[in-house]
Amino acid sequence: MTKVLFIYPSMAWESKEIFSAFAPPMGALYLASVLEHSKLDVDVSVWDLASEPVGRKEFIKKILDLNPEVVCITCLTFNFDMVKEVCEIIKRELPECYIGVGGAHVSILPKESINALKCDSIAVGEGESRIVEVVRDRPKGIIYCEDSDFNSLPFPDRKHIRSIKYGKMFDMNFGVDCTTIFFSRGCPFNCAFCARPKKQMFRMRKVSDIIAELKEIANMGYDSVAVGDDNFTTSTGYTTKIAKAVHKNKLHKDFFFFGQGRVDRDSADMYYWLRRMNVVGMSYGIESVAPKTLEFYNKTHEPTRWKEKIKNTYKLAVDAGIIINSSLIAGAPMDTKETIEESIAFVDKQETEGITLNLLSYMVGTKLWDDAVNNGKIAKDDYWTDAIQTGLTDLTPEDLRDYQKMIYAGLGWRVLGRVPLKWIKAKRGRFLLTMSWKAKQFLNRSTFEALKDRSRLYDGFNRDFSEMKRS
Ligand code: B12
Ligand code: SF4
């Protein structure tokens, strides 16, 4: 029997991040399941180190105890340094062990990654079509994978991470036992800041498979499901079909659903069914309301109609009882204090419960990063930086701190304010109340100052902007 270990590394040893135990490592769970359904005789383990962080010593002890023959690691740009160290430790402690690495970062930079990581192979793209070969034949070098046929994949094997309570943020669980499901893969849009590998096509699944997977999830005892799709509402017809099927199969009684959506998908029929499906929370990538900034981000081909789209969609979401998070980005070269404040004020006025304001990242694989490298603003080997560091914005760290204080101040009460009395007695009402109470408690005891201590996440949430210097 071949011992295979999947590792999803965190950003640093022993680090609890804002998103520790937020979502399971779905890539590893899909690949584990493909191996378990194959003819190979395998003993599979999955370590989600982002959710259950370990120290170096503990990691070495654990891996020596397990003594795997094959280790498969998921590498993103933000955990690259950890992946490198994990590879070094394994090669030193278990020289015979084969190391395969996949994930968004190595798919974007395969050659550079294989040299830097000194692993045995790098998989470019979705690994399901090649994982059996990787474990059986242990090929060396770069392996190119086909986009997976979603309808022929076994369901991801959640038993490996069943003991972890996902759905946490800021190390705080909102009283849910959550897992992730994918209804689609890929995204048909092409935002200039988006760092996913570009070749993956948008693919949908058979609705009957989705229902079967949800039934499996219900039998495992989960009470909430986050839809992991890049955009849950990309195809309104398909999403409506899923929502109807969930309702017909009474699965809306088993779960709260969450997802990420686009505001240019404002179908009243879809939102009617999302309500019946029991979707309670949606996060929307708004980025900005300023047309020039939206153009720079290539967010929409109708930037002047973006505000109207936000209004329409938020009205539908509010009527459907959905909690809304608005995700904004600050730091485009044409952003001014006025445009950022206008964006915050605009979404606030549309009854959004949460606002996340991220400082614009420049990440390898994005158009923005390519342009900035070509213009000499970023070094070719600086794979992840931000607008302030590049000097491509007039914003200062102090401005960002002010905006974030402004945003966090209102969050808890906004949620509480939206719980309609008629829901208070229902399961849904209790959930919203718990969530709002916890958010309020959290905000009482930890101000922005404390947030940054709770996390090492390198983004607008918790960055200590006052320590940043402009280059
Ligand atoms: C869920 C999610 C999160 C969650 C949880 C992460 C988790 N546990 O998976 C949270 C909220 C924590 C998160 C945070 C961030 N995320 Co995120 N996230 C995602 C998202 C939407 C889904 C991940 C997923 O489950 N994918 C589905 C599985 C099936 O795909 P996969 O993991 O890529 O695995 C496949 C292949 O890569 C390959 N593979 C993977 N490993 C291996 C190993 C071997 C050996 C082989 C053969 C193949 C292989 O096969 C797998 C099966 O097909 C992706 C977008 C996406 N669609 O992937 C972004 C994504 C991974 N995130 C991204 C970013 C930038 C971030 C943030 C930095 C955003 C921010 N500014 O705050 C933060 C980082 C903070 C942190 N410390 O974690 C980028 C990463 C880009 C990059 N170049 O690395 C992505 C691609 C989004 C994007 N469009 O830009 N994220
Ligand atoms: S940011 Fe979201 S909508 Fe834009 S291309 Fe990336 S996944 Fe698609």
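A. Fine view of the overall build of the protein. Helix and strand counts for the protein come out as 17 helices and 17 strands. Residues counted as buried form 45% of the 471 residues belonging to the protein. Excluding contacts between residues fewer than 6 apart, the proportion of contacts in the protein whose partners are at least 24 apart in sequence is 73%.

B. Structural context of the site of ligand 2. By nearness alone, every residue bordering ligand 2 is listed as Cys 187, Phe 189, Asn 190, Cys 191, Cys 194, Arg 196, Asp 230, Asn 231 and Gly 285. Partitioning the shell around ligand 2 into residue classes produces four nonpolar, three polar and two charged.

C. Geometry of the sheet that holds strand 3 (residues 70-74). An order of 2-1-3-4-5-6 is seen for the six strands of this open sheet, with the pairing classed as parallel. With partners counted over all chains shown, the strands left at the sheet margins are strand 2 (42-48) and strand 6 (141-144), one partner each. Between one strand axis and the next, the sheet turns through 20° on average, direction left out of account. Contacts from helix 1 (residues 26-36) reach strand 1 (2-8), strand 2 and strand 3, with the element oriented near 175° to strand 2.

D. Focus on the site of ligand 1. Among the 42 residues in the neighbourhood of ligand 1, the closest are listed as Gly 27, Gly 102, Ala 123, Glu 126 and Gly 127. Elements with a contribution of two residues or more to the shell around ligand 1: helix 1, strand 3, strand 4 (98-102), helix 4 (104-108), helix 6 (131-137) and strand 16 (361-363). It is helix 1 that provides the largest number of residues to the shell around ligand 1, a total of four residues. Grouping the constituent residues of the shell around ligand 1 by class yields 22 nonpolar, 13 polar and seven charged. Two domains each provide a minimum of three residues to the shell around ligand 1, namely domain 1 (2-151) and domain 2 (165-466).

E. Looking closely at the pairing of strand 6. Where strand 5 (residues 121-124) and strand 6 come together, four bridges link them in parallel fashion. Counted as the bridge partner of Ile 122 is Ile 142 from strand 6.

F. The confidence of the model for the protein, seen in detail. On average, the protein scores 86 in pLDDT, and the residues at 70 or more come to 83%. pLDDT under 50 marks residues 420-425. Its contacts with residues more than four places away, or in other chains, come to six contacts. In this model residues 444-471 is a low-confidence stretch, pLDDT under 50, and it forms 50 contacts with partners more than four residues away in sequence or in other chains.

The rules behind each value
Each chain has its residues counted from 1, running along the sequence as written. Chains and ligands are labelled by the order in which they are written, letters from A for the one and numbers from 1 for the other. Only residues with pLDDT of at least 70 are given local features in this predicted model, and only at 80 or more are side-chain atom pairs given and counted; all residues enter the totals for whole chains, interfaces and linings. Secondary structure elements are taken from DSSP: a helix is a run of H or I of four residues or more, a strand is a run of E of two residues or more, and numbering for both begins at the N terminus. Buried means a residue has 20 or more other C-beta atoms within 10 Å of its own C-beta, exposed means 12 or fewer, and partly exposed covers the counts in between; C-beta atoms are placed from the backbone. Throughout, a pair of residues is in contact if the C-beta atoms placed from their backbones lie within 7 Å. Here is the check we use: build the C-beta atom from the backbone, and if it is within 6 Å of the molecule or strand, call the residue near. Basically, the charged four are Asp, Glu, Lys and Arg, the nonpolar ten are Ala, Val, Leu, Ile, Met, Phe, Trp, Tyr, Cys and Pro, and anything else, Gly included, counts as polar. By definition, two strands form a pair when at least two bridges between them are found by DSSP. Between N-to-C directions, angles cover 0 to 180 degrees, with each direction set by a line fitted to C-alpha atoms, over the stretch in contact for helices. For every domain, the bounds stem from an assignment made automatically or drawn from a database. Per-residue confidence from the prediction method is given by pLDDT, with values spanning 0 to 100.

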